[in-house]
Each structure stands twice: as C-alpha cells, then as structure tokens.
Amino acid sequence: MLPPYYPPTTPLLGGLAVSPKYTIIYDIIDDLWNECSEYEERYMFTKDPAMLTMISVTIMKVNFWQDLCLESEKPL
C-alpha cells in the first residue's frame, strides 16, 4: 500500500514584503474601465468579434466590483 500523497505546498516568500496592487475598490473599477476602452478601440480598428467578447467580460467584472462596493457601503 502506498503512503498518502500530499501535494507540494507553495514556498513561503522568505520575508519579502508584498504590497497589494490596489488599495481601494474604485481603483480596480477605473482600471477595468480603461481596459474596456482599449478593447473598444481595438474593435474599432479590427472589427474582431473576440473584442466584443472581451468588452462584455470586462463590463461583467466592473459590475461585480461595483456591486461589491455598494454592498460594503450598506449600513448593517
């Protein structure tokens, strides 16, 4: 009988300080809108239907973060 398999764990960062890319949700939303604008510009030049899909997905991401932001602002 084989011993149990334990998957390898992620190595620790060894004391490296990792700072988050965003400090507030509004920064995430702004970056996503900028990303959406870039996809719109690409679509205008290429008419690639994949860009429409990327625009839709990015808008769904924006909606998710906006909903999360609104939920966090609700009083208890």
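Residues numbered from 1 in each chain as written. Predicted model: local features only at pLDDT ≥ 70, side-chain atom pairs only at ≥ 80, totals over all residues. Heavy atoms only, no water.

**Q** A description of the overall build of the protein should follow, citing residues and the corresponding values.
**A** When helices and strands are tallied, the protein shows 2 helices and 0 strands. Looking at the protein as a whole, 13% of its 76 residues are labelled buried. Taking the intrachain contacts of the protein between residues at least 6 apart in sequence as the baseline, contacts between residues at least 24 apart amount to 55%. Working note: accessible area of the protein is about 6,800 Å², and carbon and sulfur atoms make up 65% of it. (Helix = DSSP H or I, 4+ residues; strand = E, 2+ residues; numbered from the N terminus. Buried < 20%, exposed > 50% of the residue type's maximum accessible area, 1.4 Å probe, protein only. Contact = heavy atoms within 4.5 Å. Areas by Shrake-Rupley, 256 points an atom, 1.4 Å probe, with all protein chains shown as cover.)

**Q** Which residues make up the packing of aromatic side chains, and what values go with them?
**A** Considering all chains together, one arrives at 1 aromatic pair under this definition. Ring centres 5.2 Å apart and planes at 80° place the aromatic pair F64 and W65 in the edge-to-face group. Judged by its relative accessible area of 48%, F64 falls in the partly exposed class. Exposure remark for W65: the relative accessible area of 25% places this residue in the partly exposed category. (Phe/Tyr/Trp six-rings, centres within 6.5 Å; stacked < 30°, edge-to-face > 60°.)

**Q** Tell me about helix 1 (residues 25–46), and name the residues and values.
**A** Here helix 1 contains 22 residues, and its C-alpha end-to-end distance of 32 Å stays within 8% of the 32 Å for a straight helix at 1.5 Å per residue. I28, I29, L32, C36 and Y39 are the residues of helix 1 that are buried. For helix 1, the buried positions fall inside an angular range of 95° around the axis, keeping them on one side. Opposite the buried face of helix 1, at more than 90 degrees from it, the exposed residues are E41, M44 and F45. On its buried face, helix 1 sits against helix 2 (49–73). (Expected span 1.5 Å × (residues − 1). Arc of directions from axis to C-beta.)

**Q** Any details on the side chain of T58? Residues and values, ideally.
**A** Position of T58 relative to the elements: it lies in helix 2. From its side chain, T58 meets the backbone oxygen of M54 in a polar contact 2.7 Å long. If we skip the residues at most four places from it in the chain, T58 touches L32, E35, C36 and Y39. (Polar contact = N/O pair within 3.5 Å; in protein donor to acceptor, adjacent residues only side chain to side chain.)

**Q** So what's going on with unusual backbone geometry? Which residues, and what values?
**A** Backbone geometry at K47 places phi at a positive 55°, although glycine is not the residue there. Here K47 shows up in the loop between helix 1 and helix 2.

**Q** Describe the packing of helix 1 against helix 2, with residues and values.
**A** It is the contact of helix 1 with helix 2, at a shortest axis distance of 9 Å, that shows an interaxial angle of 165°. With respect to helix 2, the element helix 1 is oriented roughly antiparallel. Helix-helix and strand crossings are classified by hand; for helix 1 and helix 2 the assignment is left-handed. Across the contact of helix 1 with helix 2, the residue classes break down as 18 nonpolar, 3 polar and 5 charged. (Axes fitted to C-alpha atoms, helices over the stretch in contact; angles between N-to-C directions. Parallel < 35°, antiparallel > 145°, perpendicular 65-115°, else oblique. Left-handed = near helix turned anticlockwise from the far one by under 90°. Nonpolar A, V, L, I, M, F, W, Y, C, P; charged D, E, K, R; others polar.)

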